[in-house]
Amino acid sequence: MKKVTLIALGRLKEPYLRESVDEYQKRLSRFCDLQIRELTPAKLPDQPNEAQINIALETEAEQILKQIPKQTHVVALCIEGKSLTSEAFSLELGNFGHTTFIIGSSYGLSERVKRRAGLRLSMSNMTFPHQLARVLLLEQIYRGFQIMEGGAYHK
């Protein structure tokens, strides 16, 4: 069975988002061993300056890099990443035995984490609420497995 690890900064606050994640975890259980690791984002003032943000991203990078399993293909979600169709994403997911996805804090990911990634992935050119990224990613992972299987979910 394939392994998928999701490393995400922050906890989901809204019940509807937690319920969505739970639903996709349940659906994905027949395709992969999914592990979600929630990390605590660095504390920042309400209006941080660039230096404070960079220090926070480096602090978060230390946590993230320690959580990346050995022998895994790393995918960092970032705005400047590559956009893939669902079919291309499915191929990417199918090429590796273990894939680790990383969702940073609302300020993104440090360059150190991005350099560790084999793929920098952008979910969209549009802007979405940060906490929604986890649900969107899990849906695409589920869709990717359905595409691999030839399931009817992806039309």
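The paragraphs below set out a description of the structure included in this document. (Residues numbered from 1 in each chain as written. Predicted model: local features only at pLDDT ≥ 70, side-chain atom pairs only at ≥ 80, totals over all residues. Heavy atoms only, no water.)

### Considering unusual backbone geometry
Its identity as a non-glycine residue notwithstanding, Gln71 has a phi of 55°, on the positive side. Residue position: Gln71 is located in the loop between helix 2 (50-67) and strand 3 (73-82). (Helix = DSSP H or I, 4+ residues; strand = E, 2+ residues; numbered from the N terminus.)

### Notes on helix 2
The terminal C-alpha atoms of helix 2, which comprises 18 residues, lie 26 Å apart, in line with the 26 Å expected from a rise of 1.5 Å per residue. Capping the start of helix 2, Asn49 holds a side-chain oxygen 3.1 Å from the backbone nitrogen of Ala51, two or three residues further along. (Expected span 1.5 Å × (residues − 1). Polar contact = N/O pair within 3.5 Å; in protein donor to acceptor, adjacent residues only side chain to side chain.)

### A few points about the side chain of Glu60
If you trace the backbone, Glu60 turns up in helix 2. For the buried Glu60, no salt bridge is present, and the opposite-charge side chain at shortest range is Lys43, 10 Å distant. Ignoring sequence-local partners within four residues, the contact set of Glu60 consists of Leu9, Pro41, Ala42, Ser105 and Gly108. (Buried < 20%, exposed > 50% of the residue type's maximum accessible area, 1.4 Å probe, protein only. Lys, Arg positive; Asp, Glu negative; His and termini not counted. Salt bridge = Lys/Arg side-chain N within 4 Å of Asp/Glu carboxyl O. Contact = heavy atoms within 4.5 Å.)

### Notes on the packing of helix 3 (residues 86-94) against helix 5 (residues 132-149)
Where helix 3 contacts helix 5, the two axes come as close as 8 Å, and the packing angle between them is 80°. On the basis of the axis angle, helix 3 is roughly perpendicular to helix 5. Side by side, helix 3 and helix 5 meet where Ser86, Glu87, Phe89, Ser90, Leu93 and Gly94 of the first sit next to Leu137, Gln140, Ile141, Arg143, Gly144, Phe145, Ile147 and Met148 of the second. Residue composition of the contact of helix 3 with helix 5, by class: seven nonpolar, five polar and two charged. (Axes fitted to C-alpha atoms, helices over the stretch in contact; angles between N-to-C directions. Parallel < 35°, antiparallel > 145°, perpendicular 65-115°, else oblique. Nonpolar A, V, L, I, M, F, W, Y, C, P; charged D, E, K, R; others polar.)

### With respect to the side chain of Ser105
Take Ser105: it is sitting in the loop between strand 4 (98-103) and helix 4 (111-116). Looking at Ser105, the relative accessible area reads 10%, which means it is buried. Not counting residues within four places of it along the chain, the set of residues in contact with Ser105 comprises Leu9, Pro41, Leu57, Glu60 and His130.

### Description of the sheet that holds strand 2 (residues 32-39)
Strand pairing in a sheet is mediated by backbone hydrogen bonds. Such pairs are either parallel or antiparallel. Judged by pairing direction, the sheet is parallel, and its five strands sit side by side in the order 2-1-4-3-5 without closing on themselves. Looking along the sheet, the strands with just one partner apiece sit at the ends: strand 2 and strand 5 (119-121). Across this sheet, the average inter-strand angle for adjacent strands is 25°, counted without regard to direction. Relative to strand 5, strand 3 is paired through four bridges, and the arrangement is parallel. Among the inter-strand pairings, Val75 is bridged to a residue of strand 5, identified as Leu119. Here helix 5 sits on the sheet in contact with strand 1 (2-9), strand 2, strand 3 and strand 4, set at roughly 170° to strand 1. (Pairing = 2+ DSSP bridges.)

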